[in-house]
Amino acid sequence: MTDTPPEREQGSAQAGTEHGERQRRLALLAMLEDLQASHAQIERARKEWADAFDAIRDPVFLHDRDFRIVRANRACAEAAGMDIKDVIGKRYWEVFPKNTGPLPACARRMEKAEEEEEEEEEEVTLETGATYVSRAYAVRDEQGHYLHSIHIFEDVTERKRAVETLRKSVAELKEAQRVARLGSWDMDTKTGNVTWSEELYRTFGRDPMQPAPGYEEHSRILAPESYARMNAAIEKTRQTGEPYELDLELIRPDGTRKWITARGAAKRDLNSQIIGLRGTALDITERKRAEAALQRSNRALATLSGVNQVLIKVQDERSLLSETCRVIVETGGYRFAWIGYVEHDEEKTVRPVAYRGFEEGYLESLRLTWADTERGRGPSGRAIRSGKPVLTQDILNDPAFAPWRAEAVARGYASSISLPLLGADTVFGVLSIYSAEAGAFDAAEVVLLQELADGFAFGILTLRTRSERDHLQEERLRSIDRMKQALIDTIRAIALTVEKRDPYTAGHQQRVAELCLAIGRELNLPEDRIEGMRLAALIHDIGKIYVPAEILNRPGKLSKAEFEMIQTHPEVGYDIVKDVKFPWPVGQMI
């Protein structure tokens, strides 16, 4: 090893020192550059955060434990109507939203431990009407010590209005459906699940808190015939997409029945594939009832009109009875009608006198009475005793109809009305009408049928009065004929008496009578007038009774005095008959 000169060693040491210094400067420079880069990055991040913070459209701010704002975004300053620098340092309720103290949820959030914190929302409405949802979050260090809170106010004014508008629309829709009695439904054809509107639950009489009945359950809530038609219509719509409209009868849980107009249409996806059905159900029960009432009234009116025509045309009681029953059944469409007369025998029997319709031995099974006994307390007996209509709307369940229920139900009678036939001061009969439909007789129909019964009863009494009058008239005519015949026989006897006293002129009065008949008919005189002429001719010589028989029978010539006596016979005849009340002027003709 060679020795290095001291000068050289000193130079080398100095050079090393300078190199190290240079390295340190370079390292420091690099550190400074890294620091500057980090600072720039931090600044960029801060700026990005600040820009993002200010870009939030809802008011956001940070506050300390004293609720003083330490940071706020531009939306907060704008909401407060203040410059951003004036916001910092103020208690937030002095800035936004104006209040007398912190919001309750905000204060609670500051006090809760981190593990207990749950997001809370509270709604704040400003004097302007704007609505915000407040959310507060407490920021804590690693030890759980409170640092500050972040407070976010979301402007939900428009959303609130939209929700309120939607709520009102839903409420109005529900009310409109209630008023219109129009429910709606939706069905998923794959699952068969059905959803109902509130009004549909009300229409079907079901609890809206329960799920809507599935499609298969509709077989139990619709009348069989209605379900069959609905099932066929829905299947067709599922296959073809063609909408349907049907009137259906439904059965509610309490057993009552209603009518709906059901409309349905296909629901399609974006590929036009049928994925379900939707539709409406309109409660038309009142309309159906009104239609049924109108039909019943029209039926009763047609029956009343038909019976009135019978009253005009029929001339005897038997025909009136049978024709009235015929019109009630054939024109009115009732299943059965019969008429009974009140008998005043010991059993107080009701005697059937006419019927029409599906009887099948029913009247024989009745054994009716109008006495106040078990078999007399049915509709007919009560109608006779009270003189008022008796209505049985449900034969199957009416206790008063028990003695005859089995026979009536077997013949398809479901309801009936018994109408008293009123005379001047008593009930003389009953008209009973049966329908195949329960509840078939409403108030309007009862009024019309009572009018029918009253008119029918009046017709019977009129026919009876007419029959009695005709009988009296016939008796009177027969009496007149007998009197007329007696008068004619008397006149003939008188004529014969005159002829017996004057055999020389025998047959003369008869020949004159025949001559009068011929003259009268030639002149076309009325038969009654001709008859008067004939009778007058038969006794025109009645005055000869005044002439002595020896003068009338003398074969020789009469003296002047005798002849003058004979000439007075017309005056004598007039005096004889002038006071007799003939229908003709016989005295003047003599």
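The structure this text deals with has already been given above.
What counts and how
- Residues numbered from 1 in each chain as written.
- Predicted model: local features only at pLDDT ≥ 70, side-chain atom pairs only at ≥ 80, totals over all residues.
- Heavy atoms only, no water.
- Helix = DSSP H or I, 4+ residues; strand = E, 2+ residues; numbered from the N terminus.
- Buried < 20%, exposed > 50% of the residue type's maximum accessible area, 1.4 Å probe, protein only.
- Contact = heavy atoms within 4.5 Å.
- Areas by Shrake-Rupley, 256 points an atom, 1.4 Å probe, with all protein chains shown as cover.
- Lys, Arg positive; Asp, Glu negative; His and termini not counted.
- Charge placed at Lys NZ, Arg CZ, Asp CG, Glu CD.
- Pairing = 2+ DSSP bridges.
- Axes fitted to C-alpha atoms, helices over the stretch in contact; angles between N-to-C directions.
- Core = buried A, V, L, I, M, F, W, Y, C linked by side-chain atoms within 4.5 Å.
- Disulfide = S-S within 2.5 Å.
- Polar contact = N/O pair within 3.5 Å; in protein donor to acceptor, adjacent residues only side chain to side chain.
- Salt bridge = Lys/Arg side-chain N within 4 Å of Asp/Glu carboxyl O.
- Parallel < 35°, antiparallel > 145°, perpendicular 65-115°, else oblique.
- Left-handed = near helix turned anticlockwise from the far one by under 90°.
- Nonpolar A, V, L, I, M, F, W, Y, C, P; charged D, E, K, R; others polar.
- Phe/Tyr/Trp six-rings, centres within 6.5 Å; stacked < 30°, edge-to-face > 60°.
- Lys NZ or Arg CZ within 6 Å of the ring centre and 35° of its normal.

*Asks:* Tell me about the overall build of the protein, residues and numbers included.
*Replies:* Along the protein, the regular secondary structure elements total 21 helices and 15 strands. If one aligns the C-alpha atoms of the protein with their principal axes, the spans along those axes are about 245 × 55 × 50 Å. Burial status across the protein gives 37% buried among its 590 residues. Counted over contacts in the protein with a minimum sequence separation of 6, partners at least 24 positions apart contribute 49%. Accessible surface for the protein amounts to roughly 35300 Å². Of this, 53% is attributable to carbon and sulfur atoms. When the 83 positive and 98 negative side-chain charges of the protein are each reduced to one mean point, those points stand 6 Å apart.

*Asks:* Explain unusual backbone geometry to me, and be specific about the residues and the numbers.
*Replies:* A cis amide bond links Phe96 to the next residue, Pro97, at an omega of -10°. Considering the arrangement of structural elements, one finds Pro97 in the loop between α4 (92-95) and α5 (104-111). Residues other than glycine seldom take positive phi values, yet Arg181 does so here, at roughly 55°. Position of Arg181 relative to the elements: it lies in the loop between α6 (157-180) and β6 (182-188). A positive phi angle, near 55°, is found at Asn524, a position not held by glycine.

*Asks:* Explain the sheet that holds β6 to me, and be specific about the residues and the numbers.
*Replies:* One open sheet holds the five strands; their spatial order is β7-β6-β10-β9-β8, and the pairing between them is antiparallel. Both edges of this open sheet fall to β7 (194-196) and β8 (244-251), since each of them pairs with a single strand only. Averaged over all adjacent pairs, the angle separating strand axes in this sheet is 25°, with direction ignored. Sheet analysis places β6 next to strand β10 (residues 274-283), joined by seven bridges and oriented antiparallel. When the sheet's bridge partners are listed, Met187 is paired in β10 with Leu277. On the sheet, helix α10 (residues 285-313) packs against β8, β9 (257-268) and β10 and is oriented at approximately 130° with respect to β9.

*Asks:* If you had to explain the nonpolar core to someone new, which residues and values would you point to?
*Replies:* Among the nonpolar cores identified, the biggest contains 33 residues, and Ile339, Leu421, Leu431, Ile433, Phe441 and Leu449 are the most heavily contacted of them. When contributions to this core are tallied by element, the ones reaching two or more residues are α10, α11 (317-330), β11 (336-342), β14 (415-422), β15 (427-435) and α15 (443-501). Sorting elements by how many residues they give to this core places α15 first, with nine residues. Setting aside residues up to four positions removed in sequence, Phe441 forms contacts with Arg296, Tyr334, Leu391, Gln393, Ser415, Ser416, Ile417, Ile433, Ser435, Val446 and Leu449. In this structure, Val194, Ile221, Leu222 and Tyr244 belong to the second largest nonpolar core, which totals 23 residues.

*Asks:* Provide a residue-level description of the state of the cysteines, including the pertinent values.
*Replies:* Working definition: the covalent bond between the sulfur atoms of two cysteines is a disulfide. Considering all chains together, one arrives at zero disulfides under this definition. With no disulfide of its own, Cys76 lies closest to Cys106 among cysteine sulfurs, the gap being 13 Å.

*Asks:* Describe the sheet that holds β11, naming the residues involved and giving the relevant values.
*Replies:* Sheet architecture is open: five strands sit in the order β12-β11-β15-β14-β13, paired in antiparallel fashion. Every interior strand has two partners, whereas the edge strands, β12 (350-357) and β13 (390-392), have only one. Looking at each pair of strands side by side, their axes are set apart by 15° on average, direction ignored. Where β11 and β15 come together, six bridges link them in antiparallel fashion.

*Asks:* For the pairing of β8, give the residues involved together with the corresponding values.
*Replies:* Pairing of β8 with β9 involves eight bridges; the strand directions are antiparallel. Bridge assignment links Leu248 to a residue of β9, and that residue is Ile260.

*Asks:* Account for the environment of Gln485, with residues named and values stated.
*Replies:* Relative to the assigned elements, Gln485 resides in helix α15. For Gln485, a relative accessible area of 40% puts it in the partly exposed group. For the pair Gln485 and Cys516, spaced 31 residues apart in sequence, the C-alpha to C-alpha distance is 20 Å.

*Asks:* Quick rundown of the side chain of Gln177? Include the residues and the values.
*Replies:* Residue placement: Gln177 occurs in helix α6. Setting aside anything within four residues of it in sequence, one finds Gln177 in contact with Leu182, Gly183, Ser184, Ser197 and Glu199.

*Asks:* Which residues make up the side chain of Thr189, and what values do they have?
*Replies:* With respect to the helices and strands, the residue Thr189 is situated in the loop between β6 and β7. In terms of polar contacts, Thr189 uses its side chain to reach the backbone carbonyl oxygen of Ile275, at 3.1 Å. In contact with Thr189, not counting residues within four places along its chain, are Arg238, Ile274, Ile275, Gly276 and Leu277.

*Asks:* Provide a residue-level description of the pairing of strand β3 (residues 122-125), including the pertinent values.
*Replies:* Residues Glu122 and Val124 point to one face of β3 and are all buried, whereas Glu123 and Thr125, pointing to the other face, are not buried. Both β3 and strand β4 (residues 131-140) contribute to a ladder of four bridges, which runs antiparallel. By the bridge assignment, Thr125 is partnered in β4 with Thr131.

*Asks:* Any chance you could break down the pattern of salt bridges for me, citing the residues and the numbers?
*Replies:* Counted by the stated rule, this structure contains 38 salt bridges. One salt bridge connects Glu225 with Arg229, and the closest N-O pair in it is separated by 2.6 Å. Of this pair, Glu225 and Arg229 both sit in helix α9 (residues 224-240), four residues apart, which is roughly one turn of the helix. Glu531 is paired through a salt bridge with Arg534; the nearest N and O atoms lie 3.0 Å apart. Of this pair, Glu531 and Arg534 are both found in helix α17 (residues 527-538), three residues apart, which corresponds to roughly one turn of the helix.

*Asks:* Quick one: what's the story with the packing of helix α16 (residues 508-522) against α17, residue by residue and with numbers?
*Replies:* Put simply, α16 and α17 touch, their axes get as near as 7 Å, and they point 160° apart. Relative to α17, α16 is oriented roughly antiparallel. Of the two elements, α16 crosses α17, and the hand of that crossing is right-handed. When α16 is examined against α17, the residues Gln509, Gln510, Val512, Ala513, Cys516, Leu517, Gly520 and Arg521 are found in contact with a partner set consisting of Glu527, Ile530, Met533, Arg534, Ala537 and Leu538. When grouped by side-chain class, the residues that make up the contact of α16 with α17 number eight nonpolar, three polar and three charged.

*Asks:* Before we move on, could you go through the environment of Lys544 and cite the residues and values that matter?
*Replies:* Checked against the element boundaries, Lys544 lands in the loop between α17 and α18 (549-552). Note: C-alpha distance between Lys544 and Gly573 (29 residues apart in sequence) is 7.6 Å.

*Asks:* Which residues make up the packing of aromatic side chains, and what values do they have?
*Replies:* Going through the model one piece at a time under the given rule, you end up with 20 aromatic pairs. Ring geometry for Phe336 versus Tyr434: centroids 5.6 Å apart, planes at 35°, classification tilted. Linking Phe336 in strand β11 with Tyr434 in strand β15, this pair joins segments that are 98 residues apart in sequence. Like Tyr434, Phe336 is buried. Taken together, Phe61, Phe67, Tyr92, Trp93, Phe96, Tyr132 and Phe153 form an aromatic cluster joined through their ring pairs. Its end group placed over the ring of Phe358, Arg335 keeps NZ or CZ at 4.4 Å from the ring centre.

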